[in-house]
Amino acid sequence: MIINKKNNYLFSKVTNLKGVGTKLSKYLKNKKIEKINDLLWDFPYSFTDRRSIAKTNELEVGKIQTIKVKVLKYNFPRIRNLPNRIICEDNCGKIDIVFFNSREGYIKKILPLNEMVIISGKINYYKGKYQISNPEYVSNSEKSDFVQKLIPKYHLTEGLNEKSYRKIIDQVLNKLPNISEWHDPKIVQKLKFKNWKESLLDIHKNKDKNINSTSFRRLAYDEIFAHLLILSKNRNRIRKNKKKRKDFDENISREIIDNLDFKLTRCQDKAIKDINYDLKDNKRMFRIIQGDVGSGKTIVALISAYNVIISNFQCAFMAPTEILAKQHYELAKKIFGKTKIKIAMITGKTNYLKKKIILKELLNGDIQFIIGTHSLFQKKIFFKKLGLIIIDEQHKFGVKQRMDLAKKGGDNCDVLLMSATPIPRTMMLTIYGDMDVSKIVEKPLNRKDIITLSKPEEKLDQIILFIKKLIKQKDQIFWVCPLIDESKILNYSSVIKRFKLVEKFFPNRVGLIHGSMDKKDKEDVLKEFLNKRIDILLSTTVIEVGIDFPNATLIVIENANKFGLAQLHQLRGRVGRGKKQGTCILVFKGNLSKNAIRRINILKKNNDGFLIAEEDMRLRGYGDIIGFQQSGIKYFRIADPVHHQDLFKLAEKEISQIEKNAFESNKFDYLMKLFDRVELISEV
Ligand code: ADP
Ligand code: MG
């Protein structure tokens, strides 16, 4: 469906609605509602059912019910502040309708004596009698539709009341456009989908809000479809531009590989093979290496860089932090030592003069390999012939940023990303559907599985004893205290307390990193740890990803239940990266729930990040999965990877079908706009 003036209504601002001014629109914004379309996806959390008429002898105190009664008698007290009381009855008994702060004239009008009326409200019991005070709905018995209905309940925020919010939503629902079906008729039939409009109305009006109801699933499928479609469109666009093939002999890099002090794993070999194929192809590479922490992604990246360089292109390698950039730089210098490749490093700290030289040499092509932080992608940096961009540990790169990146390098530039964020296998396409994926699933041979233990907080002395033993053999220790409270001050003081305690046992050998330190101070402490001037690194925030601390063998994680499983797995991956056995101790406060014990057991028994992420998703729902938060993926408004797994699979299949056929049709424009996916289309 083409978007035009007539059907653009849903995408205009809420202030276009009757009764929504600047003030109300501010309140709506707190609910993340800015466009009219946003209102549609705010589903009711419950319904008040006023449909059926209850007899006065079957009333339930506290429940909202609807009754049909005759008005028997008015009781208007002459004393101020006493409520007006109207006695009504049906053929089963009597009930009082009570009005506070009301006028007699009004009551006589809405409850005329001896007439049949329909009243709906919350049932109370007072002094031996049933009563409804200030009923929400009253009408004469002919207009029963006005009272006898299902009324949706929405989550409200400050400034919004039930009735006015419902009125706003109703306004939109009454004007929903009829949209022609965008899905394959076979799918619609198979899944018994109603059309888009009916499905939405069902959810808002007919109590069909259950996540597994047909109407809900239809809309979820719409959303999943829109999401995967965008990724697929982007993938196609990137591939469409022809690039110059990289021309190199793989045997040359063999020499470097043979000189390493380890043998590559099968997965590493396979990843290099995948990449080489892409580099030599005339379609641009847009690939991600997914591999657990410590699986050896860096060397794969460096070999790829090498192949690009011997094809007479330059390569840029970006790391998220200075320390990590430095570590990659040192490693590159070491393994390329015998070659004539000119390598440079650029970070925020590189001084002006040096930077000037580097910029000049990137432009004239003298520097073939540049490693650095974000500063690599400043506007004023120009390359003579950039052939590959590598980005390490960039899980925060969402679809949009990935596209921007692909644009930056120019037509001949391939892109390689690396990520250690454990995401569930089933979610791979949803998160990385615009890219090709190389997975590194096995660990290097010499690597032992990390031993994972759990301890109650009271047994801290045992942990201290263990640490003493480790320090004697010159091992190092991470100690993580996660945020336990919303309050900064509280967090800070609890960490300082812990720091003081640990420091008492190991004077001058403990470093501390916490959230409110600036980046430079943090890096200084990290360097002290890296250079072994301290043995224990206590930190509140998650320790820098990616840095290789082969000497760290123990990680203590306090309040371990505050973390997701995938995150704990990522944390424990910081240790045991050398030849020595790594250990992870999870420290808990108080008694553990059954669920918590189950979660820990998953962690103890498994060492595969993908599998752990999958279990985590099953136990806690997808919202908590770090892959989702960090992938920068546009949230799903309604689709849920746990409940709608079959729909995800189906959409994947459907889209690969469409890809083959008429892909550029704008049949889906409206759908993608409904789910905010349009802005993710790239112009690469
Ligand atoms: P990550 O995938 O987390 O980036 P790294 O590339 O930093 O992991 O590798 C972690 C450690 O494993 C490094 O010290 C690296 O030298 C080593 N390593 C990489 N590949 C192998 C291998 N095939 N065999 C043994 N050690 C390896
Ligand atoms: Mg790494």
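Quantities reported herein were computed from a predicted structural model and do not represent experimental measurements. (Residues numbered from 1 in each chain as written. Chains lettered and ligands numbered in written order. Predicted model: local features only at pLDDT ≥ 70, side-chain atom pairs only at ≥ 80, totals over all residues. Heavy atoms only, no water.)

### Description of the overall build of the chain
This is how the line gets drawn: Strands here are runs of E lasting at least two residues and helices are runs of H or I lasting at least four, both read from the DSSP assignment and numbered beginning at the N terminus. Residue exposure (1.4 Å probe, protein chains only): buried if accessible area is under 20% of the type maximum, exposed if over 50%, otherwise partly exposed. Here a residue-residue contact requires only that any non-hydrogen atoms of the pair lie within 4.5 Å. Note on areas: Shrake-Rupley with a 1.4 Å probe; residue coverage comes only from the protein chains shown. The charge count includes Lys and Arg as positive and Asp and Glu as negative, but it does not include His or the ends of the chains. Charged side chains are reduced to one point each, which is NZ for Lys, CZ for Arg, CG for Asp and CD for Glu.
Each helix and strand counted, the chain has 24 helices and 22 strands in total. Taken along its principal axes, the extent of the C-alpha atoms in the chain is 105 × 65 × 45 Å. Across the 684 residues that make up the chain, the buried fraction comes to 53%. Restricting to contacts in the chain with at least 6 residues of sequence separation, those with at least 24 account for 74%. Surface accessibility of the chain: about 33,400 Å² in total, with carbon and sulfur atoms responsible for 50%. Here the chain holds 129 positive side-chain charges and 79 negative ones, and the gap between their average locations is 3 Å.

### So, the site of ligand 1
For clarity, the threshold we go by: Being near a molecule or strand, for a residue, means having at least one of its heavy atoms within 4 Å of it. Definition of a polar contact: a pair of N or O atoms within 3.5 Å, with one able to donate and the other able to accept a hydrogen when the atoms are protein atoms, and with sequence-neighbouring residues admitted only if both atoms are side-chain atoms. Each residue receives one of three labels: charged for Asp, Glu, Lys and Arg, nonpolar for Ala, Val, Leu, Ile, Met, Phe, Trp, Tyr, Cys and Pro, and polar for the others, Gly being one of them.
Lys263, Gly294, Lys297, Thr298 and Asp548 are the nearest of the 17 residues found near ligand 1. Contact distances for ligand 1 include 2.6 Å between an oxygen atom and a backbone N or O atom of Gly294. Residues that form the shell around ligand 1 fall into these classes: four nonpolar, seven polar and six charged.

### Considerations on unusual backbone geometry
Most peptide bonds are trans, and most residues other than glycine sit at a negative phi. Unlike most non-glycine residues, Lys32 shows phi in positive territory, near 60 degrees. Within the secondary structure layout, Lys32 lies in the loop between α1 (22-30) and α2 (36-40). Residue Lys32 is classed as exposed on the basis of its relative accessible area of 69%. The backbone of Asn134 sits at a positive phi, close to 40 degrees, despite the residue not being glycine.

### Let's talk about the environment of Ser539
Of note, Ser539 is situated in strand β20 (residues 536-539). In contact with Ser539, other than residues within four places in its own chain, are Trp479, Val480, Cys481 and Ile513.

### Description of helix α21 (residues 609-620)
Put simply, the test is: To estimate how far a helix should extend, the number of its residues minus one is multiplied by 1.5 Å.
The first and last C-alpha atoms of α21 sit 16 Å apart over 12 residues, in line with the 16 Å expected at 1.5 Å per residue. Listed in full, the buried residues belonging to α21 are Gly609, Phe610, Ile612, Ala613, Glu614, Asp616 and Met617. Buried residues in α21 make contact with β10 (286-291), α15 (428-432), β16 (436-440), α19 (565-572), α20 (594-605) and α23 (645-660). Between the side-chain oxygen at the start of α21 and the backbone nitrogen of Phe610 there is a gap of 2.9 Å, and the oxygen is on Asp608.

### Concerning the packing of aromatic side chains
To keep things clear, this is the line we draw: Each pair of aromatic rings taken from Phe, Tyr and Trp, with Trp reduced to its six-membered ring, is defined by centres within 6.5 Å and is described as stacked if the planes are under 30 degrees apart, edge-to-face if over 60, and tilted in the remaining cases.
Under the definition given, this model contains 19 aromatic pairs. Taking 5.3 Å as the distance between ring centres and 70 degrees as the angle between the ring planes, the aromatic pair formed by Phe11 and Tyr670 counts as edge-to-face. Of this pair, Phe11 sits in the segment before α1 while Tyr670 sits in helix α24 (residues 669-674); the two residues are 659 residues apart in sequence, bridging distant segments of the chain. With respect to burial, Phe11 and Tyr670 carry one shared label: buried. Seen from their ring centres, Phe317 and Phe369 are 6.4 Å apart, and the 20 degrees between their planes marks the pair as stacked. With Phe317 in strand β11 (residues 314-318) and Phe369 in strand β13 (residues 369-372), the pair connects residues that are 52 residues apart, well separated along the chain.

### Overview of the pairing of strand β15 (residues 414-419)
Our working rule: When DSSP finds at least two bridges between two strands, those strands are taken to pair.
Taken across its six residues, β15 has six buried, putting it largely inside the fold. Of the strand pairs in this sheet, β10 and β15 are connected by five bridges, and their pairing is parallel. When the sheet's bridge partners are listed, Arg287 is paired in β15 with Leu416. Pairing geometry for strand β14 (residues 386-391) and β15, over four bridges, is parallel. Across the sheet, Ile389 pairs through a bridge with Val415, a residue of β15.

### Some remarks on the nonpolar core
Counted only if it meets this: What we call a nonpolar core is a set of buried Ala, Val, Leu, Ile, Met, Phe, Trp, Tyr and Cys residues that are connected through their side-chain atoms within 4.5 Å.
Formed by 91 residues in total, the largest nonpolar core has its most connected members in Leu10, Trp41, Trp196 and Ile370. At 12 residues, the largest contribution of residues to this core is made by helix α8 (residues 214-240). Apart from the residues within four sequence positions on either side, Trp196 is in contact with Leu10, Leu40, Trp41, Leu176, Pro177, Ile179, Trp182, Arg218, Leu219, Asp222 and Leu674. In terms of nonpolar packing, the next biggest core, distinct from the first, is built from 70 residues, Ile450, Phe529, Leu568 and Leu603 among them.

### Focus: the sheet that holds β15
Pairing between the strands of a sheet comes from backbone hydrogen bonds, and it takes one of two forms, parallel or antiparallel. Spelled out, the test is: Helix axes are fitted to C-alpha atoms over the stretch in contact, other axes to C-alpha atoms as well, and angles between N-to-C directions run from 0 to 180 degrees.
Ordered in space as β12-β13-β11-β14-β15-β10-β16, the seven strands form an open sheet in which the pairing is parallel. Pairing within the sheet leaves two strands with one partner each, and these edge strands are β12 (343-346) and β16. The mean inter-strand angle of the sheet, taken between neighbouring strand axes irrespective of direction, is 20 degrees. In this structure, β11 lies alongside β13, joined through four bridges in parallel fashion. The residue of β13 that forms the bridge with Ala316 is Ile370.

### Some remarks on the packing of helix α9 (residues 250-258) against helix α11 (residues 297-310)
For the record, the criterion: Should the near helix be turned anticlockwise from the far one by less than a right angle, the crossing is left-handed, and should it be turned clockwise, the crossing is right-handed.
The interhelical angle for the contact between α9 and α11, taken along N-to-C directions, is 145 degrees, at an axis separation of 10 Å. As for how α9 packs across α11, the hand of that crossing is right-handed. The residues of α11 that touch α9, namely those facing Ile252, Ser253, Ile256 and Ile257, are Ile303, Tyr306, Asn307 and Ile310. The residue inventory of the contact of α9 with α11, partitioned by class, reads six nonpolar, two polar and no charged.

### Thoughts on the domain arrangement of the chain
Counted only if it meets this: Boundaries of every domain are those given by an automatic assignment or by a domain database.
For the chain, the assigned domains are domain 1 (1-45 + 158-177), domain 2 (51-148), domain 3 (250-440) and domain 4 (451-606 + 608-630). Distance from the C-alpha centre of domain 2 to the C-alpha centre of domain 3: 75 Å.

### Brief notes about the environment of Lys122
Locating Lys122 in the fold gives a position in strand β6 (residues 116-126). Relative accessible area serves as the criterion here: at 46%, Lys122 is assigned to the partly exposed category. Measuring from C-alpha to C-alpha, the distance between Lys122 and Asp145 comes to 19 Å, with 23 residues separating the pair along the chain. For Lys122, the residues in contact, after removing those within four places along its chain, are Gly62, Lys63, Ile64, Gln131, Ile132, Ser133 and Glu136.

### Brief notes about the environment of Ile431
Examined against the element boundaries, Ile431 turns out to sit in helix α15. Judged by its relative accessible area of 1%, Ile431 is buried. Each C-alpha atom of the pair Ile431 and Lys207 lies 32 Å from the other, and the pair is 224 residues apart in sequence.

### Observations regarding the pattern of salt bridges
Opposite charge on two side chains permits them to pair, given that their charged atoms come into close proximity. Keep this limit in mind: One speaks of a salt bridge when a side-chain nitrogen belonging to Lys or Arg is within 4 Å of a carboxyl oxygen belonging to Asp or Glu.
Evaluated as defined, the whole model comprises 38 salt bridges. A salt bridge links Asp42 to Lys31, with the shortest nitrogen-to-oxygen separation between them at 3.0 Å. You can see Asp42 sitting in the loop between α2 and β1 (46-49) and its partner Lys31 sitting in the loop between α1 and α2, a full 11 residues away along the chain. Salt-bridge contacts for Arg51 lead to Asp49; the nearest nitrogen and oxygen are separated by 2.9 Å. Linked by salt bridges that have partners in common, Lys35, Asp38, Arg637 and Asp676 make up one network.

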